[in-house]
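# Examination of the molecular architecture
Each chain is listed here by its residues.
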Amino acid sequence: MNSAPGQGEAVFSVRGLTKGYDMGEVQVQALRGVDLDLYRGEFSVLLGPSGSGKSTLLNILGGLDVPSDGSVIYQGRDLSRADERDLTEFRRRHVGFIFQFYNLIPSLTSRENVALVTELADHPMAPEEALALVKLAHRLDHFPAQLSGGEQQRVAIARAIAKRPDILLCDEPTGALDIQTGIVVLEALARINRELGTTTAVITHNRAIADMADRVFSMADGQIVDVQHRTDKVAPDQLAW
Amino acid sequence: MKSLNRKLFRDIWRLKGQMIAIMMVLAAGVTLFVLTMSNYESLVVSRDRYYERNRFADVFAGCKRAPRSLLDKIAAIDGVQHAEGRILQEVTLDVPGLSDPATGRLVSLPPNPASGLNKPYLRAGRFPRLGVDDEILAGEVFMEAHGFQIGTRINAVINGRAKSLHIVGTALSPEFIYVLKPGTLFPDNLRYGVFWMNEDSLEASLNMEGAFNDVTLKLARDGSADEVVFQLDELLEPYGGVRAIKRRDQASHWYLENEMQQLRSAGWFIPVMFFGVAVFLLNLVIARLIRAQREQIAVLKAFGYASSEIGFHYLKFVVVVVLLGNLVGIAMGAYLGSGLVKVYGTLYKFPELTFLLSARTLILGVLVSGLSSCLGTLSTVRRAVLLPPAEAMKPEPPANYRPTFLERLGLGRFMSVQMQMIMRNMERAPLRTFLSCVGIAMATGLLVLGRVNVDALNSLIRVQFETIQREDMMVTFYEPNNYRAFYELQQLPGVAVAEPLRSVGVNMVFGQHEKQLSLQGVHHVPRLRRYLGKDMSPISMAPEGLMLDRFTAEKYGIRPGHTLTLEVLEGSRPVIRMPVVGLVEELIGGGAYINMARLHEVLGEDRTVNGAYLLVDEPHWDSVLHRLKETPKVAGVTIADAALKGFMDTIAQSLLIMNLFNIIFAGIIAFGVVYNAAQMSVGERSRDLATLRVLGFSRAEISDILLGELALVTLAAIPFGLVLGTLMAHGAIADLQTEQFRIPFALSTRSYAVAVLVVLLSALISGLVVRRRLDKLDLMAVLKTRE
Ligand SMILES: Nc1ncnc2c1ncn2[C@@H]1O[C@H](COP(=O)(O)OP(=O)(O)OP(=O)(O)O)[C@@H](O)[C@H]1O
Ligand SMILES: [Mg+2]
């Protein structure tokens, strides 16, 4: 399933993407002309200093936000021209999100947090199956407050993958975790990418994580300044942290 | 949607205290709505059925004496379906077991009562037999007041002759649902009763053969009451006709209708206030919930939940509160309503008064409470809908605290750290602080409003019976008498002070307005029956000119200086033209007043009297009453204290119950508001408070901060509440002013104290509940979670 870099079908095709925030007197340019393609089944990593526009880009790819200019083509559909209803539909059918702070619903158990999403999907896994994939079969009925940070993040992963999304977007998924737990989470991501062929994009501040990617994008000041194609991917537990 | 609903239920469970508090406020509103509306409808339906079955007339007119042949002409008036002539006569009664004379209103029964108008409804016994001249039917309330059985005999003085009457049955009548002696304030069922007697017996006793002195009409379906009244007046004019009235102005109907309308407007006004408070509390809770759940909302959106689904999710909180509140409110309302209907059943005698809880009332209650709650929270819920998903991922910026107004004034150093935190918190959430104040003020106001009826009634009684009516008894004669009749009363052993009573009926003409009222002769400085000026203190009667009661004056735009024409309706019927020299504050009824000597002069008479006011030494009461009963001239004796006592027994009871309700319901509001404000502060600041605890503050010190804020808000709100309540009370009293009664505005210190006390108590209880939550604050959990 692993497509070689530069080959296969582009799931996302981004051209001339800009995003500005109007802050009254000043204009903040979060993105200034981003071009990029993401290929089916590819695992990519986004690196860059704080404030370089990584989250902004990811949010636009995931249909959480709309660009000021430029186009985002997802499988032939231009997301930059989509309305609120289309974006909701797009997120519902195609995208799984993982956030730095897990963002689980505190009043729902692990199983229910996952079910919350599978109930919306067409061909989801059973919540139990998704949780088993992230090795949490024994924590089905725990509430988030009863889970460790790493466990919470794995629930978040299970929640993101349970609907078998076409793309998985992760914004600093290991940001709040220690090394060991971070590796467990990354292994879960890698496995899903490998076994389900989910196109995955991960934002991180941790350069080491770049070693497990097919491609690494470096951002600075709202632009992609470097793209690395890697052929020597390593497994997460081999990462030099 | 299943998991989202699970979230809903867990969130509701977590917020159950607040939810229940709001639910109770809403339920209180629904309870009152269902209670009052069901009773209103029950009364309307039962009354209308009663009117219909017993053929309550549409038009009523009295006259001196008209021949029965006139009835054909009356029946021929266009729009009249049926006309019935009858005889009405007030007589003095000597009732077994009652020392003072009572008044009976005798009503003639047509030969076949079943086919007539205003049919008495037989409750027990039978109708008087034809040809037996001493059998009567008695009104049920009179019988109950005395505990009389059928078969009791009472003595009446009819046309100057004593006659023993045999009660053979008890009855109700649509005409006398509310039995009130004309000109009195309260029903006095011991001393005033309605009796039915066969027409021929009454005719014979009163020398009224072939004649009638009262006519009642049933209108044809398309008959115009105004036109009929006009023609009827014309026909009766030569026979001493007193202006005809429509059913609308018939005394019993008017009182009943008035009370029912008051019930109905209370049924709208008060519940709507409760719904308002519930909406306000729902807004607070939901706004807070949405703020706390920004990130959850964003995640839901990120995973493809549509904005509408999320909006609906939060609206469901409202829906749950509305549904539960309605469930509780309808159950309570139905339960209390079926109880209240029994109270009304004893108050107004209907043949049957069935409790009716219509689908219309239920639907209306659910709709009004539901719609107001949903619409009232819509804009708050929209905040969740509008939250952009990407935006919501970022944690809320830190709260923007700054030195408070007082600190900026340099007063900071006089305040403790806790005090500063309290002030800053209140300044940071000015809207919430303000709204909490409004809520508490509303509760306070409602309590004050709830007391005004009691206070006003007390003040009415005090003014009427202590300042205006200082006599012990008012004696009225059948006809005007010469002054000797007055002397006779004055000479009775035990009579300390006596004052003559002289009044004549007049037709007042002012511009296009005409009105019948009574013209009262008043001594320069009356000792017993006094008249009040603007400041509610007694005034003296000028030797010249007229005085007029303020209500009538205002109604017709008459001011001091205007000249009135009064056509006297008795004797030689002189016409008086005189300027108005002042206004009189009357609480009951009203009319025109003139100096006594001047009245004799314009009537061309020598000190004629209609009756007298008497002040009687306590030990001689019974003997005076006994002598009065035996005086044929005396038509009636009205005893102020007796009337008052009878009234107080019945009405005061129901007012007290109403008041208890009021206190409970307003307490619910106060509790709901304070409790929610407190819970919200705890929720919002549990992190800060936990941090303070970690830093070494004691439990007592951190609860001081929170409870101090509540105490400040409560104390600040109470004065506004008192003002608000006073204003609402003024409105409510203004609404009660009628042609019959002017209720003086009054609110006692005690009432204000009760309001303050109830609010403080509710605040204290909610403070204690919150204090318990604070004591259980789990430091670690609070500091660990990110919210
Ligand atoms: N809603 C907003 N309003 C104004 N400016 C914004 C907003 N969101 C982002 N920005 C600005 O856009 C720029 C890019 O932000 P973005 O969150 O994409 O950075 P990032 O690369 O994800 O940084 P980090 O690694 O710190 O998360 C920043 O300068 C940020 O201040
Ligand atoms: Mg970021």
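Criteria and thresholds
- Residues numbered from 1 in each chain as written.
- Chains lettered and ligands numbered in written order.
- Predicted model: local features only at pLDDT ≥ 70, side-chain atom pairs only at ≥ 80, totals over all residues.
- Heavy atoms only, no water.
- UniProt positions renumbered as here; feature names shortened; annotations may be inferred.
- Pairing = 2+ DSSP bridges.
- Helix = DSSP H or I, 4+ residues; strand = E, 2+ residues; numbered from the N terminus.
- Axes fitted to C-alpha atoms, helices over the stretch in contact; angles between N-to-C directions.
- Contact = heavy atoms within 4.5 Å.
- Salt bridge = Lys/Arg side-chain N within 4 Å of Asp/Glu carboxyl O.
- Near = heavy atom within 4 Å.
- Polar contact = N/O pair within 3.5 Å; in protein donor to acceptor, adjacent residues only side chain to side chain.
- Areas by Shrake-Rupley, 256 points an atom, 1.4 Å probe, with all protein chains shown as cover.

The name given to chain B in an unreviewed UniProt entry is FtsX-like permease family protein, with the source organism recorded as Acanthopleuribacter pedis. Its UniProt record, at the heading Sequence similarities (unreviewed entry), says of chain B: "Belongs to the ABC-4 integral membrane protein family. LolC/E subfamily." Its UniProt record gives chain B a comment under Subcellular location (unreviewed entry), which states: "Cell membrane".

Looking up chain A in an unreviewed UniProt entry gives the name ABC transporter ATP-binding protein, with the organism given as Acanthopleuribacter pedis. Chain A has a UniProt comment under Sequence similarities (unreviewed entry) that states "Belongs to the ABC transporter superfamily. Macrolide exporter (TC 3.A.1.122) family."

Residue and element names in this part refer to chain B. Spatially, the 4 strands line up as an open sheet ordered 2-10-1-11, and their pairing is antiparallel. Two strands lie at the open edges of the sheet, namely strand 2 (80–86) and strand 11 (242–246), each paired on one side alone. Across the sheet, the axes of successive neighbouring strands diverge by a mean angle of 25 degrees, strand direction being ignored. The pairing of strand 2 with strand 10 (residues 211–219) spans 6 bridges and is antiparallel. Looking across to strand 10, one finds that Arg86 is bridged to Asp214. Those strands touched by helix 6 (residues 225–236) are strand 1 (59–67), strand 2, strand 10 and strand 11, and its axis lies near 160 degrees from that of strand 11.

Our next topic: the pattern of salt bridges. Residue and element names in this part refer to chain B. In total, this model carries 51 salt bridges over all chains according to the counting rule given. Asp58 is the salt-bridge partner of Arg247, the closest N and O atoms lying 3.3 Å from each other. With Arg247 in the loop between strand 11 and helix 7 (251–292) and Asp58 in the loop between helix 2 (16–53) and strand 1, this pair connects stretches of sequence that are 189 residues apart. Residue Glu601 pairs with Arg598 through a salt bridge whose shortest N-O separation is 3.0 Å. Of this pair, Glu601 and Arg598 both sit in helix 17 (residues 596–603), separated by 3 residues, roughly a single helical turn. It is possible to trace a salt-bridge network through shared partners that takes in Arg123, Glu140, Glu144 and Lys349.

This part takes up the site of ligand 1. By nearness alone, 16 residues border ligand 1, and Ser50, Gly51, Lys54, Ser55 and Thr56 of chain A come closest of all. Nearby residues around ligand 1 are contributed by chains A and B. Gly51 of chain A has a polar backbone atom sitting 2.8 Å from an oxygen atom of ligand 1. For ligand 1, the protein covers 73% of the area, taking 630 Å² as the surface of the free molecule.

Bringing the side chain of Asp134 of chain B into the picture now. All names here are of chain B. With respect to the element layout, Asp134 can be found in the loop between strand 5 (121–125) and strand 6 (135–139). At a separation of 3.3 Å, a polar atom in the side chain of Asp134 contacts the side chain of Arg153. Among residues more than four places away in sequence, those in contact with Asp134 are Arg153, Ser164, Leu165 and His166.

Another point: the sheet that holds strand 4 (residues 69–74) of chain A. Within a sheet, adjacent strands bond to each other through the backbone by hydrogen bonds, running parallel or antiparallel. Residue and element names in this part refer to chain A. Ordered by their spatial adjacency, 4 strands build an open sheet running 2-1-4-5, and the pairing between neighbours is antiparallel. The sheet terminates laterally at strand 2 (26–39) and strand 5 (77–78), the two strands that pair on one side only. Taken strand by strand, helix 1 (residues 54–61) contacts strand 1 (10–23), strand 2 and strand 4, and its axis lies near 120 degrees from that of strand 1.

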